[in-house]
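Spelled out, the chains give:
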Amino acid sequence: MEDEPCPELVPIGGAEQSDAGPVRKIPVTIITGYLGAGKTTLLNYILTEQHNKRIAVILNEFGEGSALEKSLAISQGGELYEEWLELRNGCLCCSVKDNGVKAIENLMQRRGKFDYILLETTGLADPGAVASMFWVDSELGSDIYLDGIVSVVDAKHGLQHLTEEKPEGLINEASRQVALADLIIINKTDLVSEEELNKVRTSVRSINGFVKILETQRSRVDLSNVLDLHAFDSLSGVSLQKKLEHVKTTQAHLDKAIITVTFDIPGNIKEENLNLFIQNLLWEKNVKDKTGCTMDVIRLKGLVSIQGKSHQVIVQGVHELYDLEETSVAWKEDEKRTNRLVLIGRNLDKEIIKEVFIATVREERGNS
Ligand SMILES: Nc1nc2c(ncn2[C@@H]2O[C@H](COP(=O)(O)OP(=O)(O)OP(=O)(O)O)[C@@H](O)[C@H]2O)c(=O)[nH]1
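Residues numbered from 1 in each chain as written. Predicted model: local features only at pLDDT ≥ 70, side-chain atom pairs only at ≥ 80, totals over all residues. Heavy atoms only, no water.

### Regarding the site of the ligand
Reasoning step 1: Taken together, 17 residues are adjacent to the ligand, and Lys39, Thr40, Thr41, Asp190 and Arg218 come closest.
Reasoning step 2: The separation between an oxygen atom of the ligand and a polar main-chain atom of Gly38 is 2.9 Å.
Reasoning step 3: For the ligand, an oxygen atom lies 3.2 Å from a polar atom in the side chain of Lys188.
Reasoning step 4: Against a free-state accessible area of 660 Å², the protein chains account for coverage of 78% of the ligand.
Reasoning step 5: The element that contributes the greatest number of residues to the shell around the ligand is helix H1 (residues 39-48), accounting for three residues.
Reasoning step 6: Class assignment of the residues belonging to the shell around the ligand gives a composition of four nonpolar, seven polar and six charged. (Near = heavy atom within 4 Å. Polar contact = N/O pair within 3.5 Å; in protein donor to acceptor, adjacent residues only side chain to side chain. Areas by Shrake-Rupley, 256 points an atom, 1.4 Å probe, with all protein chains shown as cover. Helix = DSSP H or I, 4+ residues; strand = E, 2+ residues; numbered from the N terminus. Nonpolar A, V, L, I, M, F, W, Y, C, P; charged D, E, K, R; others polar.)

Right, here's the structure in full:
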């Protein structure tokens, strides 16, 4: 078999300049969550509510009971998607049997009819893999951008899903979905007591110290909480700084659990040294904890101060992919320049990561 060509990395910014002026990219929100958590209920709610938004919704058919199930499957390059339906409230909808990328490509032929895309993944999907497709596919990346990842958690069974043991110590899907989320909707609160709800909330928070958590029944949420999160681009530059300031390192709540680690290191750093630090962590995987276990970073966010750059730089990472992008927020003359990183993953030891960071960024490399 021939090797796959190396995909071209594209910036994840919200809007891009071209010779003909700014090109409006369409935001995509990934809706993920374990089997039966309430993803389809959320999307059906959005599809039937009056909200004056033109949203294209891609429903995944894998689970049972997709309310808009139709059998007009058309085979397109191995992926199956169904016809686009135009709904009374202006939304467009189709259901897919795969990861939905082909459906998005097909949808782009209907440009002008929608302003937003919501993509439901299967309950067992790794949202990081889906997110990566938008990140690495330059053709897709020129039309759309990833706005955020929303995970629906079942209040009744969420804890059980989060503690499920996978063979060979693999991270279970439910934990991964929580780790990668920019917004968590704990759904089905009608089925649990306040005490049970507290336990789920605490577990979710112990994994992801950054995420916003909403609690609902029948997946009813204010759409403004779901859309335009700008979780991956510099449009969130100002608020990201504020948000990062509030993130705390979390304590493992579950055995061998994913946690959030955050730290602040003052000063300017060289871009090449920052790249080295991130690559050691994400690619080489040669940063280990006290017991010799590899630190497994699933999500990385940060705002850093790069030598020679007048503006704050945002760091974004999902699995092995990462990106540095200068924001529109300039460092003020009298402002103390700092580097704040938030890492979500397994076997993370804050003190060791901090030491490695300091050692790497302080090291003199190259000529500059
Ligand atoms: N009691 C209760 N049931 C709910 C709530 N939200 C959704 N359900 C029900 O839970 C079941 C699963 O909901 P779905 O929206 O299909 O869940 P899903 O995440 O899309 O499921 P998959 O597609 O199978 O992964 C359905 O029967 C819903 O009617 C809720 O808040 N409370």
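### Some words on the domain arrangement of the chain
Reasoning step 1: With domains assigned, the chain is organised as domain 1 (26-84 + 97-233) and domain 2 (238-362).
Reasoning step 2: One C-alpha centre belongs to domain 1, the other to domain 2; they are set 26 Å apart.
Reasoning step 3: For the pairing of domain 1 and domain 2, the buried interface totals around 2,200 Å² over both sides, and the portion due to carbon and sulfur atoms is 67%.
Reasoning step 4: Between the two partners, domain 1 and domain 2, sit two salt bridges.
Reasoning step 5: The residue Asp182 makes a salt bridge to Lys301 at a minimum N-O spacing of 3.2 Å.
Reasoning step 6: Along the contact surface separating domain 1 from domain 2 lie six residue pairs in polar contact (both at pLDDT 80 or more).
Reasoning step 7: Of all the secondary-structure elements, those providing two or more residues to the side of domain 1 that touches domain 2 are helix H3 (127-136), helix H5 (158-163), helix H6 (173-179) and helix H7 (194-207). (Domains from an automatic or database assignment. Buried area = accessible area lost by both parts, 1.4 Å probe. Salt bridge = Lys/Arg side-chain N within 4 Å of Asp/Glu carboxyl O.)

### Quick look at helix H10 (residues 350-362)
Reasoning step 1: Helix length check: H10, at 13 residues, gives a terminal C-alpha distance of 18 Å against a target of 18 Å (1.5 Å per residue), a fit within 8%.
Reasoning step 2: Buried residues of H10: Ile352, Ile353, Phe357, Thr360 and Val361, and no others. End-on view of H10: buried residues confined to an arc of 150°, all on one side of the axis. Of the exposed residues in H10, the ones pointing more than 90 degrees away from its buried face are Glu355 and Arg362.
Reasoning step 3: Summarising the contacts, the buried residues of H10 are in contact with strand E13 (258-266), helix H9 (271-284) and strand E17 (338-346).
Reasoning step 4: Capping of H10 at its N-terminal end is provided by Asp349; its side-chain oxygen lies 3.1 Å from the backbone amide nitrogen of Glu351. (Expected span 1.5 Å × (residues − 1). Buried < 20%, exposed > 50% of the residue type's maximum accessible area, 1.4 Å probe, protein only. Arc of directions from axis to C-beta. Contact = heavy atoms within 4.5 Å.)

### Points about the nonpolar core
As a rule of thumb, nonpolar side chains are buried together in soluble globular proteins.
Reasoning step 1: One finds Ile58, Ile104, Ile117, Phe134, Ile144 and Ile184 to be the most contacted residues of the largest nonpolar core, which totals 52 residues.
Reasoning step 2: A per-element tally of this core places H3 first, with five residues.
Reasoning step 3: Counting contributing residues per domain, this core is built from domain 1 (26-84 + 97-233) and domain 2 (238-362), each supplying no fewer than three.
Reasoning step 4: In this structure, Ile265, Tyr322, Ile352 and Ile353 belong to the second largest nonpolar core, which totals 26 residues. (Core = buried A, V, L, I, M, F, W, Y, C linked by side-chain atoms within 4.5 Å.)

### Focus on the UniProt feature "domain: CobW C-terminal" (unreviewed entry) in the chain
Reasoning step 1: Under the local residue numbering, the UniProt record ascribes the feature "domain: CobW C-terminal" (unreviewed entry) to residues 258-361.
Reasoning step 2: Taken end to end, residues 258-361 is 25% helix and 43% strand, and its first and last C-alpha atoms sit 26 Å apart. (UniProt positions renumbered as here; feature names shortened; annotations may be inferred.)

### So, the packing of aromatic side chains
Reasoning step 1: Summed over the entire model, instances satisfying the criterion amount to three aromatic pairs.
Reasoning step 2: With 5.6 Å between their ring centres and 65° between their planes, Phe263 and Phe357 make a pair best called edge-to-face. Residue Phe263 is located in strand E13, and its partner Phe357 is located in helix H10; the two are separated by 94 residues in the primary sequence.
Reasoning step 3: Look at Phe277 and Phe357: their rings are 4.9 Å apart centre to centre, the planes differ by 90°, and that puts the pair in the edge-to-face class. Separated by 80 residues along the polypeptide, Phe277 in helix H9 and Phe357 in helix H10 bring together distant segments of the chain.
Reasoning step 4: Through successive ring pairs, a cluster of aromatic residues spans Phe263, Phe277 and Phe357. (Phe/Tyr/Trp six-rings, centres within 6.5 Å; stacked < 30°, edge-to-face > 60°.)

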